[in-house]
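So you can see what is in the structure, the chains are spelled out below.
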Amino acid sequence: MTMMTNKKKIIEMINRIYQQRRQNAEIAREKKIAQLSSKSKDFAILSEKITKAGLKLSQASLSQNQAEIEKYSKILDSLLQKRTKLLIDLGLGSNYLEPEYICQACQDTGFIVSENGIEACRCRTQLFIEILYEQSKLKDILKEHNFKNFNLEYYSKEVDPKEGISPYENMLNIIKEVKKFIKNFDKPSQKGLLFYGSTGLGKTFLAHCIAKEIIDKKKTVIFLDSITFFEVLKEKYSKMVRLYDEVDDEEYKSLEEVDLLIIDDLGNEGKNAEFCHGVFQSLLDKRYMTNKKMVITTNYNIDGLLKLYSDKTMGRLHEYFMFLHLFGEDIRVIKAKTQLERRAT
């Protein structure tokens, strides 16, 4: 799933969604006012007075006439109080004409003002995650890559002398752990999963299977290759160094808040990403502390990972993840051999 290239379009779409939500809330409110005005003469008169007082206040504000501002502010406050009392008398409640926003926390602006400044609302980050998924190829991939199409026949039943178990039996054990992961997804005690082993053994396919099951549980999923993932971390690191925190930093926030974050092919990001390993550790900590699950795949074995990442990073991976080793023959090679044999017959 590409994030960097889609970011501008996604943010533009999000802004349009919030604009439409606010418009819808205001239209619904105006309809209520019109309906009440047709039923109650007193309410209609009050509404007209409120509109005129509001216009006068706006004119006074534009001309910066302080005396007029104070005058019409008091008039408007008095009229609004009378309208509130009338609403209560009509049995509608004092907040009947308050706009009905989808998100009351940010009032459908996407942002919340706090003591620390302006920050993105959780609903905005959620929108970013949902749109990102809709625009990704993951949706189509999962139509094929799921447990219904998982074929154990590609795993030999011959015992591997080095491992002391057959690839087939090993994969059965791994699937059991995967099923536990899916079943216990919301439990804090459930660790993340880290699949490691050579290429072509089904690590990414398994990650896709998990994604499908979690999405079916109405949870959110982000699936990123390690290069794209570390590009987001690099951008976050750059902002931290400059002591600059972008308000609409949806990309990194989505990595923190998505229900399931899947990183494919860890280690493929290369040495030029080493400087942001600290951000990687912080993200691992944040997701662990907030009970947000992760799945990681890598072609590196344990020794290979130790050469790429610091003891601190590896310590976190061992603490937060269950390491599951895949071994056997490259499935792509098996498929190629099968096709050749079919052609020969």
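A brief report on the enclosed structure follows. Owing to the predicted nature of the structure, the values given are computational and were not obtained by experimental measurement.

**Focus on helix α4 (residues 122–135)**
Residues lying three or four places apart along an α-helix face the same way, a consequence of the helix completing one turn every 3.6 residues.
Phase 1 of the analysis: The end-to-end C-alpha distance of α4, which contains 14 residues, comes to 20 Å, matching closely the 20 Å that a straight helix rising 1.5 Å per residue would cover.
Phase 2 of the analysis: Within α4 the residues assigned to the buried category are C123, R124, T125, L127, F128, I129, I131, L132 and Y133.

**Considering the side chain of T220**
Phase 1 of the analysis: Secondary-structure assignment places T220 in the loop between α7 (203–216) and β4 (221–225).
Phase 2 of the analysis: The contacts of T220, once residues within four sequence positions are left out, are Q126, I129, V258, D259 and L260.

**Comments concerning the packing of helix α1 (residues 7–39) against α4**
Phase 1 of the analysis: The interhelical angle for the contact between α1 and α4, taken along N-to-C directions, is 125°, at an axis separation of 10 Å. It follows that α1 is oblique to α4 by the angle criterion. The two elements α1 and α4 meet at a crossing, and its hand is right-handed. Contact with α1, carried on its side by I10, I11, M13, I14, N15, I17, Y18 and R21, involves C123, R124, L127, F128, I131, L132 and Q135 of α4 and no other residues of that element.
Phase 2 of the analysis: The class makeup of the residues in the contact of α1 with α4 is 11 nonpolar, 2 polar and 2 charged.

**Focus on the packing of aromatic side chains**
Phase 1 of the analysis: Counting across every chain of the model gives 10 aromatic pairs.
Phase 2 of the analysis: Relative to F280, the ring of F230 lies with its centre 5.5 Å away and its plane at 65°, an arrangement referred to as edge-to-face. In this pair, F230 is assigned in helix α8 (residues 226–241) and F280 in helix α10 (residues 277–289), connecting sequence segments 50 residues apart. As far as the burial class goes, F230 and F280 line up, both buried.
Phase 3 of the analysis: Centroid distance Y288 to Y320: 4.1 Å. Interplanar angle 15°. Geometry classified as stacked. With a gap of 32 residues between them, Y288 in helix α10 and Y320 in helix α12 (residues 311–320) connect regions that are remote in the sequence.
Phase 4 of the analysis: By relative accessible area, Y320 is classed as buried at 11%.
Phase 5 of the analysis: Ring pairing ties together the aromatic residues F229, F230, F280 and Y309, which thus form one cluster.
Phase 6 of the analysis: Sitting over the ring of Y18, R21 keeps its end group 5.5 Å from the ring centre.
Phase 7 of the analysis: One Lys or Arg, K157, reaches over the ring of Y168 and ends 4.7 Å from the middle of that ring.

**Let's talk about the pattern of salt bridges**
Between side chains of opposite charge, a pair can form as their charged atoms come close.
Phase 1 of the analysis: Going through the model one piece at a time under the given rule, you end up with 16 salt bridges.
Phase 2 of the analysis: Across the pair E257 and R122 runs a salt bridge, and its minimum N-O distance is 3.9 Å. Highlighted residues: E257 in helix α9 (residues 250–257) and R122 in helix α4, separated in sequence by 135 residues.
Phase 3 of the analysis: Note on R122: relative accessible area 55%, which makes it exposed.
Phase 4 of the analysis: Notably, a salt bridge pairs D140 with K143, separated by 3.4 Å at the nearest N-O pair.
Phase 5 of the analysis: Given a relative accessible area of 49%, D140 falls into the partly exposed group.
Phase 6 of the analysis: The exposure class of K143 is exposed, given its relative accessible area of 57%.

**Looking at the pairing of strand β6 (residues 293–298)**
Phase 1 of the analysis: Counting buried positions over the 6 residues of β6 gives 6, a clear majority of the element.
Phase 2 of the analysis: Here β6 shows no split at all, with K293, V295 and T297 on one side and M294, I296 and T298 on the other all buried.
Phase 3 of the analysis: Alignment of strand β3 (residues 192–196) against β6, held across 4 bridges, turns out to be parallel. Within β6, the position partnered with L194 by the bridge is I296.
Phase 4 of the analysis: As paired strands, strand β5 (residues 260–264) and β6 are joined by 4 bridges and run parallel to one another. Residue L261 lies in a different strand from β6, and its bridge partner there is M294.
Phase 5 of the analysis: Traced from β5 through α10 to β6, the parallel crossover comes out right-handed.

**Observations concerning the sheet that holds β3**
Phase 1 of the analysis: Pairing within the open sheet is parallel, and its 5 strands lie in the order β4-β5-β6-β3-β7. Among the strands making up the open sheet, the edge pair consists of β4 and β7 (321–325). Each adjacent strand pair in this sheet contributes to an overall mean axis angle of 15°, direction not counted.
Phase 2 of the analysis: Taken together, the 5 bridges between β4 and β5 define a ladder with parallel strand orientation. Residue pairing in the sheet places V221 in a bridge with L260 of β5.

**Considerations on the packing of α10 against α12**
Phase 1 of the analysis: Two numbers describe how α10 lies on α12: the axes approach to 10 Å, and their chain directions differ by 20°. As the angle between them shows, α10 and α12 are arranged roughly parallel. Of the two elements, α10 crosses α12, and the hand of that crossing is left-handed. Where α10 abuts α12, its residues H277, F280, Q281, L284, D285 and Y288 lie against K312, T313, R316, L317, E319 and Y320.
Phase 2 of the analysis: For the contact of α10 with α12, the per-class residue count stands at 5 nonpolar, 3 polar and 4 charged.

Rules used throughout
- Residues numbered from 1 in each chain as written.
- Predicted model: local features only at pLDDT ≥ 70, side-chain atom pairs only at ≥ 80, totals over all residues.
- Heavy atoms only, no water.
- Helix = DSSP H or I, 4+ residues; strand = E, 2+ residues; numbered from the N terminus.
- Expected span 1.5 Å × (residues − 1).
- Buried < 20%, exposed > 50% of the residue type's maximum accessible area, 1.4 Å probe, protein only.
- Contact = heavy atoms within 4.5 Å.
- Axes fitted to C-alpha atoms, helices over the stretch in contact; angles between N-to-C directions.
- Parallel < 35°, antiparallel > 145°, perpendicular 65-115°, else oblique.
- Left-handed = near helix turned anticlockwise from the far one by under 90°.
- Nonpolar A, V, L, I, M, F, W, Y, C, P; charged D, E, K, R; others polar.
- Phe/Tyr/Trp six-rings, centres within 6.5 Å; stacked < 30°, edge-to-face > 60°.
- Lys NZ or Arg CZ within 6 Å of the ring centre and 35° of its normal.
- Salt bridge = Lys/Arg side-chain N within 4 Å of Asp/Glu carboxyl O.
- Pairing = 2+ DSSP bridges.
- Right-handed = clockwise from strand over helix to strand, strands pointing away.

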